[in-house]
Amino acid sequence: GNIKEGIWEKGELLYAKKAPASGINAANALPKCSDPSHRHNCEGSLVFSNGGKYVGEWKNNKTHGQGRETFPNGDKYVGAYKNDKLHGQGVYTFANGAKYVGAYKNNKRHGQGTVTFTSGNKYIGEWKDGKRNGQGTNSWAVGKSWGDKYVGEWKDGKRTGQGTYTYANGNIKE
């Protein structure tokens with residue numbers, strides 16, 4: 001049978017590990033980058049001058065395809081790149097433990113995604129240009145809004161339009 005390995009959430013495969021260089025899908029694996037001055041259609045790594053590190057696919061000397069990056073501040077990203085930018089499905093884990101799982105476009109959250117903060121607060125929904133935008137659900141696990149939930153429309157990162165705010169005590173504000 002087929003084996004799927006990678007990053008999963010709610011039964012969905014978000015990021016598949018690449019096939020090993022030998023084995024079932026070895027024919028599809030990219031060759032190792034042999035010329036550090038020109039990385040093209042290959043797999044390789046690079047340690048940046050700021051201390052960050054990228055390991056993954058390259059095209060035209062740019063991060064392009066599947067890869068993983070560790071940033072100098074301890075943040076980590078595993079997922080898709082396009083022309084040196086986070087682009088496509090990925091998982092971004094912040095050094096403080098917060099995590100975003102979802103889509104990116106030109107280095108910004110864009111499309112469906114979930115952000116979970118270390119506090120347990122969570123947003124599940126649509127993003128546009130790095131901001132909550134469209135339909136989404138925000139739930140609070142701590143603070144003065146503990147147990148509250150908002151389900152509805154967002155625009156430019158703010159609750160806007162049709163929505164329902166349910167308080168922890170069961171009261172509803174529409």
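Look a little higher up for the structure.
Residues numbered from 1 in each chain as written. Predicted model: local features only at pLDDT ≥ 70, side-chain atom pairs only at ≥ 80, totals over all residues. Heavy atoms only, no water.

Would you take a moment to explain the side chain of arginine 39 for this structure?
You can see arginine 39 is positioned in the loop between strand E2 (12–16) and strand E3 (42–47). Of the side chains with opposite charge, aspartate 35 comes closest to the buried, unpaired arginine 39, at an N-O distance of 7.8 Å. Only 3.0 Å separates the side chain of arginine 39 from the backbone oxygen of proline 36, close enough to count as a polar contact. Looking at arginine 39, its side chain comes within polar contact range of the main-chain oxygen of serine 45, at 3.4 Å. Contacts of arginine 39, omitting those with residues within four sequence positions, involve Cys33, Ser45, Leu46, Trp58, Lys59, Asn60 and Asn61. (Helix = DSSP H or I, 4+ residues; strand = E, 2+ residues; numbered from the N terminus. Buried < 20%, exposed > 50% of the residue type's maximum accessible area, 1.4 Å probe, protein only. Lys, Arg positive; Asp, Glu negative; His and termini not counted. Salt bridge = Lys/Arg side-chain N within 4 Å of Asp/Glu carboxyl O. Polar contact = N/O pair within 3.5 Å; in protein donor to acceptor, adjacent residues only side chain to side chain. Contact = heavy atoms within 4.5 Å.)

Mind showing me how you'd approach the sheet that holds strand E11 (residues 131–139) here?
By way of backbone hydrogen bonds, the strands of a sheet pair with one another, either parallel or antiparallel. The twelve strands are arranged E3-E4-E5-E6-E7-E8-E9-E10-E11-E12-E13-E14 in an open sheet whose pairing can be described as antiparallel. Each edge of the open sheet is held by one strand with a lone partner, namely E3 and strand E14 (172–173). (Pairing = 2+ DSSP bridges.)

What should I look at first to understand the nonpolar core in this one?
The nonpolar side chains of soluble globular proteins are, as a tendency, buried together. Formed by 16 residues in total, the largest nonpolar core has its most connected members in Tyr77, Leu86, Tyr92, Tyr100 and Tyr104. For this core, the secondary-structure elements that each account for two or more residues are strand E4 (53–59), strand E6 (76–82), strand E7 (85–93), strand E8 (99–105), strand E10 (122–128) and strand E12 (149–155). When residues no more than four places from it in sequence are discounted, the contact partners of leucine 86 are Tyr77, Ala80, Tyr81, Tyr92, Tyr104, Lys105, Asn106 and Asn107. (Core = buried A, V, L, I, M, F, W, Y, C linked by side-chain atoms within 4.5 Å.)

Please explain the state of the cysteines as it appears in this structure.
This model, assessed by the stated rule, comprises one disulfide. The side chain of cysteine 33 participates in a disulfide bridge whose partner is cysteine 42; the two sulfur atoms lie 2.0 Å from each other. Every disulfide takes its handedness from the sign of the S-S torsion; for cysteine 33 and cysteine 42 that torsion is 90°, giving right-handed. Judged by relative accessible area, which is 22%, cysteine 33 ranks as partly exposed. (Disulfide = S-S within 2.5 Å.)

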